[in-house]
Amino acid sequence: MTQTPITPFSLPEILSAIRRRWIIGGLMGAVAFAAVLFLGFRSVSLYEATATVTINRERKPVEFKVDRDSGVIQDNLINTYREMLLARDVLEQTVPLAGLLSNPSYANSSEPVEVLQSRVTARTVRSTYVIEIALRDEDPQVAESALKILLDVYLAKQVRMSQ
């Protein structure tokens with residue numbers, strides 16, 4: 001038994017098939033259009049609040065090596081501060097203090113801290129002691145107030161660590 005090779009459809013063949021079955025093609029197009037509209041209206045807009053934290057180079061929780069040639073501290077220092085900002089204990093304190101449990105996105109989750117963790121980003125600015133933090137939420141006021149509380153919790157932790 002010989003097998004015939006399978007060849008892909010060409011564009012003229014596809015157009016010819018659509019012309020012959022224009023009702024089915026039209027229905028499929030209408031279903032696709034309706035699905036795009038449904039998903040577009042269903043998605044929730046998230047607003048973003050941003051802040052910038054500058055690290056004080058005088059007081060370090062950990063000593064880092066300095067490159068003798070350039071005098072540059074390794075990226076480990078700034079990354080350590082970024083990780084401390086996003087630490088679970090900071091996020092756990094932020095959720096109730098910011099009143100995030102009244103938000104359905106957090107209240108309906110078995111792990112509201114993970115919801116907050118997914119909505120907070122912190123990125124380091126290369127060759128600086130700056131961390132840019134952003135928090136997204138459905139309500140712009142909640143995003144801003146929650147970010148302020150997150151920073152307050154982080155700064156209080158820094159004060160406790162430096163004593």
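Structural data are supplied above this passage.
Heads up: these notes are all about the structure in this document. Just so it is clear, the structure is predicted and the values come from calculations on it, not from any experiment.

1. Brief notes about the overall build of the protein chain
Consideration 1: Along its length, the protein chain carries seven helices and three strands.
Consideration 2: For the protein chain, the N- to C-terminal ordering of α and β elements is α-α-β-α-α-α-α-β-β-α.
Consideration 3: Put simply, the protein chain has 163 residues, and 26% of those count as buried.
Consideration 4: For the protein chain, the exposed area adds up to about 11,900 Å²; of that, 58% sits on carbon and sulfur atoms.

2. Examining the pairing of strand S3 (residues 130-137)
Both faces of the sheet carry side chains from a regular strand, because those side chains alternate between them.
Consideration 1: Among the eight residues of S3, six are classified as buried, and the element is accordingly described as predominantly covered.
Consideration 2: Looking at chain direction, strand S1 (residues 47-54) and S3 are connected through eight bridges and run antiparallel. When the bridges of S3 are listed, Thr 54 appears paired with Val 130.
Consideration 3: Pairing between strand S2 (residues 120-124) and S3: five bridges, direction antiparallel. Bridge pairing in S3 links Arg 123 to Glu 132.
Consideration 4: The antiparallel hairpin formed by S2 and S3 contains five residues in its connecting segment, where Ser 127 sits at a positive phi of about 60 degrees.

3. Some remarks on the sheet that holds S3
Two strands in a sheet stick together by hydrogen bonds in their backbones, pointing the same way (parallel) or opposite ways (antiparallel).
Consideration 1: Taken in spatial order, the three strands make up an open sheet running S1-S3-S2, and their pairing is antiparallel. At either margin of the open sheet sits one strand with a lone partner, and together these are S1 and S2. Sheet twist, expressed as the mean angle between neighbouring strand axes with direction ignored, is 20 degrees.
Consideration 2: Seen against the sheet, helix H6 (residues 112-119) touches S2 and S3 and runs at an angle of roughly 120 degrees to S3.

4. Section: helix H3 (residues 76-85)
Two residues of an α-helix separated by three or four positions point the same way, owing to the 3.6 residues in each turn.
Consideration 1: Considered for burial, the residues of H3 that qualify are Leu 77, Ile 78, Tyr 81, Met 84 and Leu 85. The arc enclosing the buried residues of H3, seen along the axis, measures out at 120 degrees, which places them on a common side.

5. Concerning the pattern of salt bridges
Consideration 1: Following the criterion strictly, the structure yields eight salt bridges and no others.
Consideration 2: Between Glu 92 and Arg 88 there is a salt bridge; the shortest N-O distance is 3.2 Å. In this pair, Glu 92 and Arg 88 both sit in helix H4 (residues 88-97), four residues apart, roughly one turn of the helix.
Consideration 3: Classification of Glu 92 as partly exposed rests on a relative accessible area of 39%.
Consideration 4: Looking at Arg 88, the relative accessible area reads 38%, which means it is partly exposed.
Consideration 5: Across the pair Arg 88 and Glu 111 runs a salt bridge, and its minimum N-O distance is 3.0 Å. Of this pair, Arg 88 sits in helix H4 while Glu 111 is found in the loop between helix H5 (104-107) and H6, placing the two residues 23 residues apart along the sequence.
Consideration 6: For Glu 111, a relative accessible area of 31% corresponds to the partly exposed category.

About the criteria used
- Residues numbered from 1 in each chain as written.
- Predicted model: local features only at pLDDT ≥ 70, side-chain atom pairs only at ≥ 80, totals over all residues.
- Heavy atoms only, no water.
- Helix = DSSP H or I, 4+ residues; strand = E, 2+ residues; numbered from the N terminus.
- Buried < 20%, exposed > 50% of the residue type's maximum accessible area, 1.4 Å probe, protein only.
- Areas by Shrake-Rupley, 256 points an atom, 1.4 Å probe, with all protein chains shown as cover.
- Pairing = 2+ DSSP bridges.
- Axes fitted to C-alpha atoms, helices over the stretch in contact; angles between N-to-C directions.
- Contact = heavy atoms within 4.5 Å.
- Arc of directions from axis to C-beta.
- Salt bridge = Lys/Arg side-chain N within 4 Å of Asp/Glu carboxyl O.

Keep in mind these numbers describe shape, not what the thing actually does.
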